[in-house]
Amino acid sequence: VFSLILIHLLYFFLCNQPIPESVALVEDIVVEYVTDMVHKAQDIGSKRGKISIEDFLYLIRKDTPKLNRCTELLSMQEELKQARKAFDVDEEKLASME
């Protein structure tokens, strides 16, 4: 599933020609980690009936680098959403002026 992305990451960080077995191992580790996190978030969110971003943030609250990176990415996502919204409004104004 992630093998092409992992090949690029391994190339960038480790070596020129990643061994297929290494790619498969890293993929297994990533899939297992993500699955485990989703199951834990599901346990937390089951009281409300849904999983939220806050459930994941709660799970990584003690891992400061991960928490900081997640909040940074969420902040950037919000900024992009606002920029797109402003751009759409500007296009609508231009279309109505013509």
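Residues numbered from 1 in each chain as written. Predicted model: local features only at pLDDT ≥ 70, side-chain atom pairs only at ≥ 80, totals over all residues. Heavy atoms only, no water.

(A) Quick peek at the packing of helix 1 (residues 3-13) against helix 2 (residues 20-45). Close contact between helix 1 and helix 2 brings their axes to 10 Å; oriented N to C, the two are set at 115°. When the axes of helix 1 and helix 2 are compared, the pair comes out roughly perpendicular. In this structure, the crossing between helix 1 and helix 2 has a hand that is right-handed. Along the contact surface, helix 1 presents S3, L6, I7 and L10, while helix 2 presents S22, V23, V26, E27 and V30. Of the residues that constitute the contact of helix 1 with helix 2, the class distribution is 6 nonpolar, 2 polar and 1 charged. (Axes fitted to C-alpha atoms, helices over the stretch in contact; angles between N-to-C directions. Helix = DSSP H or I, 4+ residues; strand = E, 2+ residues; numbered from the N terminus. Parallel < 35°, antiparallel > 145°, perpendicular 65-115°, else oblique. Left-handed = near helix turned anticlockwise from the far one by under 90°. Contact = heavy atoms within 4.5 Å. Nonpolar A, V, L, I, M, F, W, Y, C, P; charged D, E, K, R; others polar.)

(B) View of a nonpolar patch on the surface. On the surface, a cluster of nonpolar side chains totalling about 620 Å² of accessible area is made up of F2, I5, L9, F12, F13 and V31. At 4 residues, the largest contribution of residues to the nonpolar patch is made by helix 1. F2 gets classed as partly exposed once you look at its relative accessible area, which sits at 33%. (Patch = residues over 30% accessible without salt bridge, like charges linked within 9 Å, V, L, I, M, F, W, Y side chains within 5 Å. Areas by Shrake-Rupley, 256 points an atom, 1.4 Å probe, with all protein chains shown as cover. Salt bridge = Lys/Arg side-chain N within 4 Å of Asp/Glu carboxyl O. Buried < 20%, exposed > 50% of the residue type's maximum accessible area, 1.4 Å probe, protein only.)

(C) Seen up close, the layout of surface pockets. Of the volumes computed, that of the largest pocket is approximately 160 Å³. Forming the walls of the largest pocket are Y33, V34, M37, F56, I60, K66 and C70. Only helix 2 and helix 4 (64-97) provide two or more residues apiece to the lining of the largest pocket. Tallied by class, residues from the lining of the largest pocket come to 6 nonpolar, no polar and 1 charged. (1 Å grid on protein atoms, 1.4 Å probe; cavity = no way out; pocket = protein on both sides within 12 Å on 5 of 7 lines; lining within 4 Å. Points joined across faces, edges and corners; volume = space filled by probe spheres on them.)

(D) Representation of the pattern of salt bridges in the model. Counting across every chain of the model gives 5 salt bridges. When the shortest N-O distance is used, the salt bridge between D63 and K66 registers 3.4 Å. Given the relative accessible area of 36%, K66 is considered partly exposed. Between E72 and R69 there is a salt bridge, and its shortest N-O distance comes to 3.5 Å. Within this pair, E72 and its partner R69 are both found in helix 4, separated by 3 residues, close to a single helical turn. Residue E72 is classed as partly exposed on the basis of its relative accessible area, which comes to 41%. Accessibility expressed as a relative area gives 43% for R69, which makes it partly exposed.

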